[in-house]
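Architecture at a glance
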Amino acid sequence: MATEFPSEDWKDYELLDSGRGMKLERFGGYVLSRPEPKALWDKNMPDKEWDRLTHTRFTPGAGFGKAGKEDSGTWDRLKAMPDQWWIKYRLSGSASIDLRLGLTSFKHVGVFPEQAANWEYIFRNTSQIAASMEQRPKVLNLFAYTGAASLAARAAGADVTHLDSVRQVVTWAHENQDRSGLDGIRWVVEDAMKFAKREARRGNVYNGIILDPPAYGHGPDGEKWKLDECLFDMMRSVGQILAPQNSFMVLNLYSNGFSAVLGETVVRQALELKSDTPLDSGELALKDKFGKILPLSIFVRLRR
């Protein structure tokens, strides 16, 4: 099992320091201080240096982090900065994608930087499949958020279906597509489980399926999602719509308590894989300027 990091060549992102439940990050020209429960160690920089560097700091509301739930909070600006701004990520080779960032009420900014390793995997494998097929490969991105993974697949030549249950983030992803000079992504606002089961009934298959499910959530019609209860059934539906050849699957899990071994077991059982079918699994992490490694999610990948 591997630990993967964003490329050090990514000039628009940097984890400057971490510790005492916080992380200090630079996105483009702006430095943000945000809560990070997994940063259990001490900071290397003194608080005065954090304050000197920080443009805006997120202050959570009461109850932040309890029972895996994030309450809304506020951004306290220490320096002038816009509510929205853009960064660029250059994929392997010459392709690049533009990503709009914004200060949301739940501390997120529209991109999870540790996911860059998954973007590279998606771009690389989609490109390889596209080169071996006469038609464009089909890629489905479930729980797709603001769409960096969708853009990576589209830039590699796939017909992409981007699905999320929140209309506002689908609109955000559409802005990222336009700014990146891409087009043709299919946008779907729907519950992921319902969509996957319907695609299975219709006999539709995809060459790539990407999943980044939340620990909990709601569909557009109030459907409840709880990862512990839904993940196995979700993966069984994925197994029915993933092409048996010239295909890949990426599962990313943020939930505390989930391990790469657990993820591998879920994937093997749900997709009924043979015991000798190779899977890639491990952790996605960030490394700050002082060498401290901050693990943020686990991944399981299948290529066949």
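Check the entry above for the structure.
An account of the accompanying structure is given in this report. (Residues numbered from 1 in each chain as written. Predicted model: local features only at pLDDT ≥ 70, side-chain atom pairs only at ≥ 80, totals over all residues. Heavy atoms only, no water.)

Looking now at the sheet that holds strand β10 (residues 159–164). Ordered by their spatial adjacency, eight strands build an open sheet running β1-β16-β17-β15-β12-β9-β10-β11, and the pairing between neighbours is mixed. Sheet topology places β1 (2–4) and β11 (186–189) at the edges, where each strand pairs with a single neighbour. Shown here is a sheet whose adjacent strand axes are inclined to one another by a mean of 20 degrees, direction ignored. Pairing between strand β16 (residues 280–287) and strand β17 (residues 293–303): eight bridges, direction antiparallel. In the sheet register, K287 faces β17, and the bridge partner there is I293. Along the sheet, helix α3 (residues 148–155) contacts β9 (138–142), β10 and β12 (208–211); its crossing angle with β10, the most-contacted strand, is approximately 170 degrees. Packed on one face of the sheet, helix α6 (residues 227–241) meets β9, β12 and β15 (248–253) and runs near 170 degrees to β15. (Pairing = 2+ DSSP bridges. Helix = DSSP H or I, 4+ residues; strand = E, 2+ residues; numbered from the N terminus. Axes fitted to C-alpha atoms, helices over the stretch in contact; angles between N-to-C directions. Contact = heavy atoms within 4.5 Å.)

Attention now goes to the sheet that holds strand β2 (residues 13–19). Hydrogen bonds between backbone atoms are what pair the strands of a sheet, whose relative direction is either parallel or antiparallel. The strand order across the open sheet formed by five strands is β2-β3-β4-β5-β6, and the pairing between neighbours is mixed. Unpaired on one side and paired on the other, β2 and β6 (73–77) mark the two borders of the sheet. Neighbour to neighbour, the strand axes of the sheet diverge by 20 degrees on average, direction disregarded.

Our next topic: the packing of aromatic side chains. This structure, assessed with the given rule, holds 10 aromatic pairs. On the basis of an interplanar angle of 70 degrees and a centroid distance of 5.9 Å, the ring pair of W10 and W119 is categorised as edge-to-face. Of this pair, W10 sits in the loop between β1 and β2 while W119 sits in helix α2 (residues 116–132); the two residues are 109 residues apart in sequence, bridging distant segments of the chain. Accessibility expressed as a relative area gives 4% for W119, which makes it buried. Where Y89 meets W119, the ring centres are 5.1 Å apart and the plane angle is 80 degrees; that geometry is what we call edge-to-face. Note that Y89 is positioned in strand β7 (residues 84–90) and W119 in helix α2, a separation of 30 residues in sequence. Among the aromatic residues, those joined into a ring-pair cluster are W10, Y13, F27, Y89 and W119. Sitting over the face of the ring of Y206, K138 holds its NZ or CZ atom 4.8 Å from the ring centroid. (Phe/Tyr/Trp six-rings, centres within 6.5 Å; stacked < 30°, edge-to-face > 60°. Buried < 20%, exposed > 50% of the residue type's maximum accessible area, 1.4 Å probe, protein only. Lys NZ or Arg CZ within 6 Å of the ring centre and 35° of its normal.)

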